[in-house]
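Results of the structural survey
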Amino acid sequence: MTQAQAQPRELHLNVNLLGALGLHPAAWRWDAADPESFLRIDAYVEAAQTAERGLLDAVFLADSPGLVQDLSVGPPYNGLEPTLLLTSIARATERIGLIGTASTTYNEPYNIARRFLGVDLISGGRVAWNAVTTYNSNSARNFGAAEPTREERYARGNEFIDVVRALWSSWDPDAVIADKRSGTFADLARIRPVEHRGRHFTVSGALTLPSSPQGYPVIFQAGGHGEGRDLAGRVADAVFSAPAGLADAHELADDLRRRAAAYGRDPAALRILPGLRTTIGSTEREAWERRDELEELTDRTAAIRSLAALLGVPGEALELDSPVPVELLNAPLPGLPANWNTDPRAQRLAAEGLTVRELLSRGIGAGYLLAVGTPEHVADTIQTWFESGAVDGFNLMPDVLADGLPALVDHVVPILQRRGLFRTEYRGTTLREHYGLPLPVTRPPVGAR
């Protein structure tokens, strides 16, 4: 029995600091919110400190190397580069983990390895890299590139992550001797260039930095479909997912763990953490009134466009108080890229005849599980999913960060603690310790499959 198998399951909770505003598209218009939070490092730091007060595992920063929002209706979520933000948060916190997103499509392995291990060392071993294979045309144009196919993205992504892990392992843990008496600083036999020559990258190495207290950063991946699931099963320590429902979550978890085992990994050491959107009130009615107020502040054009994308139908064919035309649901939209991901839950509800307004009111369009209600209701949702075995916890996504995150920390977390589901103190100092993950093996083979 491995160390990971011997340990009892623990609930894990991250919080997504999307633009330091919240997940709801109208969060920036909420009275408690500062519309320019996405530019304020202090806003991110304050949110991280609140999350740490709630003993959450980590804060999560999404990113894309290009504008993907309509700035006429809201601010970008990706204004400041994640490792810059995480460095500031690291200096203002002590225990909470720090997860940053970076693309394998529009970066180079050496730079990513150096940046993330650098923040990992600055934070004392609290960093994770959310490795994504970006596929939006705006980002491609920023780099003067044609948008790659799914197969091209994942071929590059697999090799990219292998090179980064090799660079992170290029220094043995005991490579630094720092013996003043003898004048020997490091044992050069324990610092090895990676000398990688592959299809996409040629990298000599070694890295400029030694290993961190947790070895090297935790690897996150969003393993939702074929190639992504396989990449997650092969290399990810944790998966950020968006299942359409509990049955879908079980299927995803079983598949990911099966793939991990096929690569010789311990499937119990994979942490599966889907997104959970929250709107909290002292009563159910208060929570729904809050959500309705946010919906009234939302630009309907942008919301309908987002829903249409998940359904795979043209946005101009949708009318707010009419059902989605059945004939559109049964015919793929011409011109959709081959790597486009539709949402099975959205399609199923649309097929049942719900109007566009009803679909939007149920939160269809953001692609993540939605919990609207009292703190007890949100805690019940978390408990049900966790105890089912389909998930190991959640990436929490408050509707508005300014008051939605304190509601989670001050009202939901204590309920989970009273139920014996969540920690009452941090037992370690590194993110791997928070997640119950073992230290990584040194020097993973480049190109291993």
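The written sequence of each chain sets the order in which its residues are numbered from 1. Restriction of local features to residues with pLDDT of at least 70 applies here, the model being predicted, together with a cutoff of 80 or more for giving and counting side-chain atom pairs; totals for whole chains, interfaces and linings are based on all residues. Note that the side-chain values use all heavy atoms of the structure and ignore hydrogens as well as water.

**Description of the environment of Ala113**
With respect to the secondary-structure elements, Ala113 resides in helix α4 (residues 109-123). As for Ala113 and Trp129, which are separated by 16 residues in sequence, their C-alpha atoms are 9.4 Å apart. What makes two residues a contact is simply this: any of their non-hydrogen atoms within 4.5 Å. Here Ala113 is in contact with Val164, Leu167, Trp168 and Leu207, once residues within four sequence places are set aside. Helix and strand definitions follow DSSP, with helices as H or I runs of at least four residues and strands as E runs of at least two, each counted in order from the N terminus.

**A word on the confidence of the model for the protein chain**
For the protein chain, per-residue confidence averages 90 on the pLDDT scale, and residues scoring 70 or more make up 92% of the total. One number per residue, pLDDT, summarises how confident the predictor is, and it ranges from 0 to 100. Ignoring residues within four places in sequence, the model shows residues 1-6, a span with pLDDT below 50, making eight contacts including any to other chains. In the model, residues 444-449 has pLDDT below 50 throughout and makes 16 contacts with residues more than four positions away in sequence or in other chains.

**Looking at the nonpolar core**
One broad trend across soluble globular proteins is that nonpolar side chains are buried collectively. We define the nonpolar core as a collection of buried residues of types Ala, Val, Leu, Ile, Met, Phe, Trp, Tyr and Cys that are connected through side-chain atoms lying within 4.5 Å of one another. Accessible area is worked out with a 1.4 Å probe on protein chains only. A residue is then buried under 20% of its type maximum, exposed over 50%, and partly exposed in between. Core analysis: the biggest nonpolar cluster contains 73 residues, and Leu17, Trp129, Trp168, Ile382, Phe394 and Leu416 have the highest contact counts within it. Top contributing element to this core by residue count: helix α15 (residues 401-418), with nine residues. Excluding its chain neighbours within four sequence positions, the residues that come into contact with Leu17 are Tyr44, Ala47, Val59, Phe60, Leu61, Ile89 and Leu401. Membership of the second largest hydrophobic core comes to 15 residues, among which are Ala303, Leu307, Ala308 and Val356.

**A word on the packing of aromatic side chains**
Between the rings of Phe, Tyr and Trp (Trp by its six-membered ring), a pair exists once the centres lie within 6.5 Å; its type follows the angle of the planes, with under 30 degrees stacked, over 60 edge-to-face, and the other angles tilted. Tallied over the full model, the rule gives 11 aromatic pairs. Ring centres of Trp129 and Trp168 lie 6.1 Å apart, and the angle between their planes is 85°; on these two criteria the pair is classed as edge-to-face. A residue pair is termed long-range when its members are at least 10 positions apart, and Trp129 in strand β4 (residues 127-132) and Trp168 in helix α6 (residues 150-168) qualify at 39 residues. Across the pair, exposure class does not vary: Trp129 and Trp168 are buried alike. Through a chain of ring-to-ring contacts, the aromatic side chains of Phe116, Trp129, Phe160, Trp168, Phe201 and Tyr216 assemble into a single cluster. Over the aromatic face of Phe386 sits the side chain of Arg9, whose NZ or CZ is 4.2 Å from the ring centroid. For a lysine, the NZ atom is tested; for an arginine, the CZ atom; a charge sits over a ring if that atom is within 6 Å of the ring centre and within 35 degrees of the ring normal.

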